[in-house]
Amino acid sequence: MMDYEKILSKNVRSLQPSGIRKFFDILDTMKDAISLGIGEPDFVTPWHIREAGIYSLEQGFTKYTSNAGLIRLRREVSLYLNRRFDLKYRPESQIFITVGGSEAIDLCIRTMLDPGDEVIIPVPSFVCYGPLVTMADGVPVYVETKAENEFRLTPEELRAVITPRTKLLVLPYPNNPTGGIMERADLEALAEVLRDTDITVLSDEIYAELTYGQKHVSPANLPELYDRTLVVNGFSKSYAMTGWRMGYVCGPEAVIRQMLKIHQYGIMSAPTTSQYAAVEALRSGDGDIEMMRDSYDKRRRLMLKGLRDMGLSCFEPRGAFYMFPQIGGFGLTSEEFCTEFLREERVAIIPGSAFGPGGEGYARICYASSVENIETALSRLGGFLDRLRAGR
Amino acid sequence: MKDILKLLEEDSRYTPAQIAAMTGKNEEYVRETVKRCEEEHIINGYTALVDWDRTSEEAVTAFIEVKITPQRDDGYDRIARRIYQYDEVESLYLMSGSFDFSVIVSGKSLREVSRFVAEKLAPIEGVTGTATHFIMKRYKDKHRAFIVEPEQEERTLFV
């Protein structure tokens, strides 16, 4: 018998499959639950984008593209970033197309890290950064952001964790799961802290189009940060294209050139059909973005009011499509709370503890779901809270 | 007002409380706006989109092109009124192009609709010709697809 524990990579074995495995095991057995758990748009990809993918197949465009992706797609990305976010990147040398934002994040980390290098990760945040850092022999350094700071990373918090080994700072804004954003002044304050360091910023801007009330500002919008920022973005959230696996990364030419090598050996090129669909999305999808954002915004308000009406304290999310209410104070951990809520009321929401230290006491609720689902979920949550408050 | 109308057009069952929450207005304002829109005939009613093909009821809908001779003084309106007063008429539009009115007529059977065209619609003074097209299948109405697309396979993943 092979002893796989002995032969498998220590790094891989050290990864947690998920901090909240038990919760997902129960969710697996419950197929009829209302799920406000999966973080993805509830829209189908707009038809004109799907049609462009189909048309590319009809024309027989089924071969690899160049490693960096179709040049016409990179040109469209360049135009789009300039048009929507005032970001300037050269399509030939500063942009390449990845398999979703996730690959782009992985590549940024692997391109920058030597063993033992530290990566600062504000939490609560999406779960991939820490494990990817570990896989690159780096050391994740978590910083807990606070509700009273609207889950922004403050300059003091940043300064406190910088060491000579710090290589990367992840800025996951607009944030999943908190809905927090960073405004220009917040970024300027961080830039001040970073000024005399060699730290690179990895800005995960996958939710950049989904902000409510103010436009997204990228760290790369700040001249003092542009040269040290890697921007990761993609099509999943803004165009409801999660299954197409289309993302991209932009940054200084010297970094992108190195990064492209990993992509070249590990991936070759992003899916061709998806790239043709993505060209169409960028060419004529601005209206789709507005339509979907407007729709999320309505549901955002509806859910926020619902949660606050039942006495839950909840930061008003300013980006992405999640609520992150406080559910502590009932004598239950967030995992216990969500597990019991799922068992008793058949509604899936995600325990805050899944999003790293600092998430305990919260739960993430995705409001990219029908108004009917939201109302039903809210009413069941209200009943559940009443029972908790009455000591059951 | 536009936000409120758009929401009602999306689903007229939304309550004033829901609309207020979604638009960031207060409930009273929503109620008053809706009432005013009803009074000013901006909102002309609320209805359900029924797919009769999924019931055991027989139902037939026809789209009829109607050519007319416009009348002095009243133009098209007088003839239009004579057409749309019939309960059988679901919709009536004045068109540009090769015919004048587009009339949507529904009934229980082909015969019932045919009789309506032959006995009621065609003889109206000023109507010079009709062409009746029966609707065979309704794929989409009012932005709603009547075809139920298959669901994507269940997934457990964490994003």
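Everything numeric here is computed off the predicted structure, so don't read it as measured data.

Asks: Would you mind showing me how to read the domain arrangement of chain A here?
Replies: Interfaces are frequently sized by the accessible area removed from exposure as the parts join. All names here are of chain A. Taken as a whole, chain A is organised into domain 1 (4–44 + 288–389) and domain 2 (47–284). For domain 1 and domain 2, the distance between their C-alpha centroids amounts to 24 Å. Every contact between the two is made by 31 residues of domain 1 and, on the other side, 33 residues of domain 2. Those elements giving two or more residues to the side of domain 1 that touches domain 2 turn out to be α2 (10–14) and α13 (286–309).

Asks: Honestly, the sheet that holds strand β12 (residues 363–366) of chain A in this entry has me stumped. Any pointers?
Replies: Consider a sheet: its strands pair through backbone hydrogen bonds, and that pairing is either parallel or antiparallel. In spatial order, the strands read β9-β12-β11 (chain A); together these 3 strands make up an open sheet with antiparallel pairing. Since the sheet does not close on itself, it has two edges, and those belong to β9 (322–323) and β11 (350–351) of chain A, each with one partner.

Asks: How should I be thinking about the packing of helix α1 (residues 2–10) of chain B against helix α2 (residues 16–23) of chain B in this particular structure?
Replies: To characterise two packed helices, one gives the angle between the axes of the helices and the distance between these axes. Residues and elements named next belong to chain B. Look at α1 against α2: their axes get within 10 Å of each other, and the N-to-C directions meet at 125°. Compared by their axis directions, α1 and α2 come out oblique. In the packing of α1 onto α2, the handedness of the crossing is right-handed. Facing α1, whose interface residues are D3, I4 and L7, α2 presents I19, M22 and T23. Taken together, the residues that form the contact of α1 with α2 break down as 4 nonpolar, 1 polar and 1 charged.

Asks: Mind showing me how you'd approach the packing of α13(A) against helix α15 (residues 371–389) of chain A here?
Replies: Residues and elements named next belong to chain A. Where α13 contacts α15, the two axes come as close as 10 Å, and the packing angle between them is 10°. With respect to α15, the axis of α13 lies roughly parallel. Across from R299, L302, M303 and G306 in α13, the residues of α15 making contact are V371, I374 and L378. Of the residues belonging to the contact of α13 with α15, the class tally is 5 nonpolar, 1 polar and 1 charged.

Asks: Is there a simple way to explain the nonpolar core in this structure?
Replies: Taken as a class, soluble globular proteins show a tendency for nonpolar side chains to be buried jointly. Within the largest apolar cluster, 118 residues are counted, with the highest numbers of intra-cluster contacts made by A:C108, A:I109, A:L202 and A:V249. Contact partners of A:V249, with chain neighbours within four places excluded, come to A:F96, A:T98, A:A104, A:L107, A:C108, A:L230, A:V231, A:V232 and A:M259.

Asks: How do you make sense of helix α3 (residues 27–39) of chain B when you look at a structure like this?
Replies: Note that an α-helix has 3.6 residues per turn; residues three or four places apart therefore point the same way. Its 13 residues place the ends of α3(B) 18 Å apart at the C-alpha level, agreeing with the 18 Å of an ideal helix rising 1.5 Å per residue. B:H41, located one to two residues past α3(B), shows a positive phi value of around 60°.

Asks: Just checking my understanding: could you explain unusual backbone geometry for this structure?
Replies: Peptide bonds are trans in most cases, and residues, glycine excluded, mostly fall at negative phi. Residues and elements named next belong to chain A. Omega for the peptide link from V123 to P124 comes to 0°, which places this bond in the cis form. Note on placement: P124 falls in the loop between β3 (118–123) and α7 (129–135). For the peptide bond that leads from Y173 to P174, omega is -10°, which places it in the cis range. Following the sequence through the fold, P174 ends up in the loop between β5 (166–171) and α9 (184–194). Positive phi values are uncommon outside glycine, yet D137 reaches one of about 65°. Along the chain, D137 turns up in the loop between α7 and β4 (139–144). Under the C-beta neighbour-count criterion, D137 is labelled partly exposed, with 13 such atoms within 10 Å.

Quick notes on the rules
- Residues numbered from 1 in each chain as written.
- Chains lettered and ligands numbered in written order.
- Predicted model: local features only at pLDDT ≥ 70, side-chain atom pairs only at ≥ 80, totals over all residues.
- Domains from an automatic or database assignment.
- Contact = placed C-beta atoms within 7 Å.
- Helix = DSSP H or I, 4+ residues; strand = E, 2+ residues; numbered from the N terminus.
- Pairing = 2+ DSSP bridges.
- Axes fitted to C-alpha atoms, helices over the stretch in contact; angles between N-to-C directions.
- Parallel < 35°, antiparallel > 145°, perpendicular 65-115°, else oblique.
- Left-handed = near helix turned anticlockwise from the far one by under 90°.
- Nonpolar A, V, L, I, M, F, W, Y, C, P; charged D, E, K, R; others polar.
- Core = buried A, V, L, I, M, F, W, Y, C linked by C-beta atoms within 7 Å.
- Buried ≥ 20, exposed ≤ 12 C-beta atoms within 10 Å, placed from the backbone.
- Expected span 1.5 Å × (residues − 1).

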